[in-house]
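Coordinate analysis (summary)
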Amino acid sequence: MASPLTARPEWQALTEHYQTISTRHLRELFATDPQRGERLTAEAVGLFLDYSKHRVTDETIRLLVALAESCGLAERIAAMFQGEKINVTEGRAVLHTALRAPRSAQIVVGGHDVVPDVHAVLDQMADFSQRVRFGAWRGHTGQPIRTVVNIGIGGSDLGPVMAYQALRHYSQRNLTFRFISNIDATDFVENVRDLDPATTLFIVASKTFTTLETMTNAHSARTWLIAALGDAAAVSKHFVAVSTNAEAVAAFGIDTANMFGFWDWVGGRYSMTSAIGLSTMLALGPDNFHALLGGFRAMDEHFRTAPFAQNLPVLMGLLNVWYSSFFGAETVAVLPYDQYLSRFPAYLQQLTMESNGKRVTLDGQPVNYQTGAIFWGEPGTNGQHSFYQLIHQGTKLIPCDFIGFCQSLNPLGSHHDLLMANFFAQSEAMAFGKTAAEVAAQGTPDWLVPHRTFPGNLPSSTILADRLTPAVLGALVALYEHSVFTQGVIWDIGSFDQWGVELGKVLAGRIAPELNAEADPELNHDSSTNALIRRYRACRA
Ligand code: F6P
């Protein structure tokens, strides 16, 4: 039975249109349309998007925009910004956009204007950050803080890690930042082994303050600190918390005066502009953090107001729908040509896949179309010497997002021009390839020609900005956030819950006591899991 989405005339028009487009090559699309490279572009908030190397025509964009309109994207955008409870399975508003609203804005949730609350926390973060950065905040022995360790996982880790790496150029260099996330003790041990407890500050970042990994690491950190400083009272000078759960923070022993709050309407993977960004503000200082928020805000406004055909997040979201649901492409490669963005693909993995890795519609019906793609990637040019082979000559269709900057933050000889020459060359090679005739014309022996032929017709977006600044990073992250939302609206799935992480957590809770029980426990799993647990028990130290 056709679902409401695939039954829409706009979807069916795209299905029909796909039959034509799928047979056309980008070589031909460019040859017959000399203005294409200048026309199929859009620009906003310091980001220039060239989508001309996608397997689309003006008609494709018109049909995709019509689909977005028929799916009520405009109404859903308005509902999100107005604080309606669009996270239906958790009964919550989705208001990460309120985190970057200006002081003068008013956003009412449940009869309460949340903007003053947001700015009160930002002010608290700024005051604390400046005290730490300039040495007014002292540790238990009276020394200033030299290392900040963020303990968190998922959205309470990936945003802070990514932002710290991305904006390291702007960071205060006499402070060191570390990030501990994995429950594997190696993460904790290797990160603290060279630290001086007397000058170390831990930020325990957890929305719920119940997450197993974070709480286990936080307890180990507290034990490590007290063992070194010999006084449990030291905790108050070396631990602060970022959470929505004041009770659990107090129970851990952190003074709630040193807790930075946020709210249930901020999803974990959408939280880097909340107090979860405390490590970011400590590294960059309040002014740079506010510039980052400004970039987010400008992209939020663009998304909210720009016509769909010129709206960067809408265009990128629709292109993702086009490849996932019509071409059957399974993945998207994110390829930043900037070493500072080395953790950007990892950040996007949670943002995109925890959001749109869903198989039922908002009202619980199974979908009969492909939804969220697998996002992955590495910075260029490193990826070129590893997996690009498969993109160029393998059997999979992998749309790519190339992200690059006109100016280097570290100008050095010809590095940047060489980097960017590769950046432009790769999308050119992917789009146009190299025909067998071209290969043969170079004197290649016949038997080698198929091996040296590049089919081309591989789609990519190019996102180009002047320079990687805090504001540009904000715009870039918000671009992907809203692209994810656009896709979720078209697919009619809930992009803001994550029930898929629950089952494994529950099963791990059941298995943990079986692993360290004194006597052999009665195991009631399947035969594979039972045998693996027995084997582990027999050889664990
Ligand atoms: O992976 C599930 C998840 O709930 C994420 O959505 C979240 O970012 C992460 O765990 C961490 O949660 P918390 O901030 O509550 O510790």
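Note that the structure is predicted; figures quoted are calculated from it, not measured.

Description of the packing of aromatic side chains
Applying the stated criterion across every chain yields a total of 28 aromatic pairs. When the centroid spacing of 4.5 Å and the interplanar angle of 40° are considered together, the rings of tryptophan 11 and phenylalanine 326 count as tilted. Here tryptophan 11 is found in helix 2 (residues 9–21), whereas its partner phenylalanine 326 is found in helix 15 (residues 312–327), with 315 residues between them in sequence. The exposure class of tryptophan 11 is buried, given its relative accessible area of 5%. For phenylalanine 326, a relative accessible area of 10% corresponds to the buried category. With a centroid separation of 6.3 Å and an interplanar angle of 80°, the aromatic rings of phenylalanine 303 and phenylalanine 485 are classed as edge-to-face. Placement of phenylalanine 303 in helix 14 (residues 286–305) and of phenylalanine 485 in helix 21 (residues 470–491) is noted, with a sequence separation of 182 residues between them. Of the two residues, phenylalanine 303 and phenylalanine 485, both sit in the buried class. Site record: aromatic cluster; members linked through ring pairs are Trp11, Tyr18, Trp322, Tyr323, Phe326, Phe327 and Tyr369.

Let's talk about the domain arrangement of the chain
Domain annotation of the chain identifies domain 1 (7–92 + 289–491), domain 2 (96–284) and domain 3 (503–540). Relative to domain 3, the C-alpha centre of domain 1 lies at a distance of 43 Å.

Here we look at unusual backbone geometry
For the bond running from glycine 380 to threonine 381, omega is 10°, close enough to zero to count as cis. Relative to the helices and strands, threonine 381 is located in the loop between strand 11 (374–376) and helix 17 (388–393). We note that phenylalanine 209 has phi near 60°; this positive angle belongs to a residue other than glycine. Summarising the element assignment, phenylalanine 209 is placed in the loop between strand 7 (200–205) and helix 10 (212–229).

Some words on the UniProt feature "active site" (unreviewed entry) in the chain
The residues that UniProt annotates with the feature "active site" (unreviewed entry) are Glu354, His385 and Lys505. The largest pairwise C-alpha distance within this set of annotated residues, which runs over 152 residues, is 37.1 Å, so the set is dispersed in three dimensions. Summarising the element assignment, glutamate 354 is placed in helix 16 (residues 344–356). Judged by relative accessible area, which is 23%, glutamate 354 ranks as partly exposed.

Section: the pattern of salt bridges
It is possible for side chains of opposite charge to pair when their charged atoms get near one another. Enumeration according to the criterion identifies 17 salt bridges in this entry. Ionic pairing is found between glutamate 354 and arginine 269, a salt bridge with its closest N-O pair at 2.9 Å. One end of the pair, glutamate 354, is in helix 16; the other, arginine 269, is in the loop between strand 9 (259–261) and helix 13 (278–284), and 85 residues separate them in sequence. Members of the salt-bridge network, linked through shared partners, are Asp33, Arg39 and Asp58.

A few points about the site of the ligand
Every one of the 13 residues lining the ligand counts as a neighbour, but Gly155, Ser156, Ser206, Thr208 and Thr211 are closest to it. Serine 156 has a polar side-chain atom sitting 2.6 Å from an oxygen atom of the ligand. Between the ligand and lysine 207, the relevant distance is 2.8 Å, taken from an oxygen atom to a main-chain nitrogen or oxygen of the residue. Compared with its free state, where it exposes 390 Å², the ligand has 86% of that area covered by protein. Its residues assigned to classes, the shell around the ligand comprises 2 nonpolar, 9 polar and 2 charged.

A few points about the packing of helix 15 against helix 21
For the pair helix 15 and helix 21, interaxial distance at closest approach is 7 Å and the crossing angle is 50°. Considering the angle they form, helix 15 stands oblique to helix 21. Considering only the axes of helix 15 and helix 21, their crossing is right-handed. Across the interface between the two elements, Leu312, Pro313, Val314, Met316, Gly317, Leu318, Asn320, Val321, Ser324 and Ser325 of helix 15 pack against Leu479, Tyr480, His482, Ser483, Thr486, Gln487, Ile490 and Trp491 of helix 21.

A short note on helix 6 (residues 73–81)
Taken together, the buried positions of helix 6 are Leu73, Ile77, Ala79, Met80 and Phe81. Residues of helix 6 that are buried sit in contact with helix 5 (58–70), helix 14, helix 15 and helix 21. Phi turns positive one or two residues past the end of helix 6, at glycine 83, with a value near 85°.

Reading the values: the criteria
- Residues numbered from 1 in each chain as written.
- Predicted model: local features only at pLDDT ≥ 70, side-chain atom pairs only at ≥ 80, totals over all residues.
- Heavy atoms only, no water.
- Phe/Tyr/Trp six-rings, centres within 6.5 Å; stacked < 30°, edge-to-face > 60°.
- Helix = DSSP H or I, 4+ residues; strand = E, 2+ residues; numbered from the N terminus.
- Buried < 20%, exposed > 50% of the residue type's maximum accessible area, 1.4 Å probe, protein only.
- Domains from an automatic or database assignment.
- UniProt positions renumbered as here; feature names shortened; annotations may be inferred.
- Salt bridge = Lys/Arg side-chain N within 4 Å of Asp/Glu carboxyl O.
- Near = heavy atom within 4 Å.
- Polar contact = N/O pair within 3.5 Å; in protein donor to acceptor, adjacent residues only side chain to side chain.
- Areas by Shrake-Rupley, 256 points an atom, 1.4 Å probe, with all protein chains shown as cover.
- Nonpolar A, V, L, I, M, F, W, Y, C, P; charged D, E, K, R; others polar.
- Axes fitted to C-alpha atoms, helices over the stretch in contact; angles between N-to-C directions.
- Parallel < 35°, antiparallel > 145°, perpendicular 65-115°, else oblique.
- Left-handed = near helix turned anticlockwise from the far one by under 90°.
- Contact = heavy atoms within 4.5 Å.

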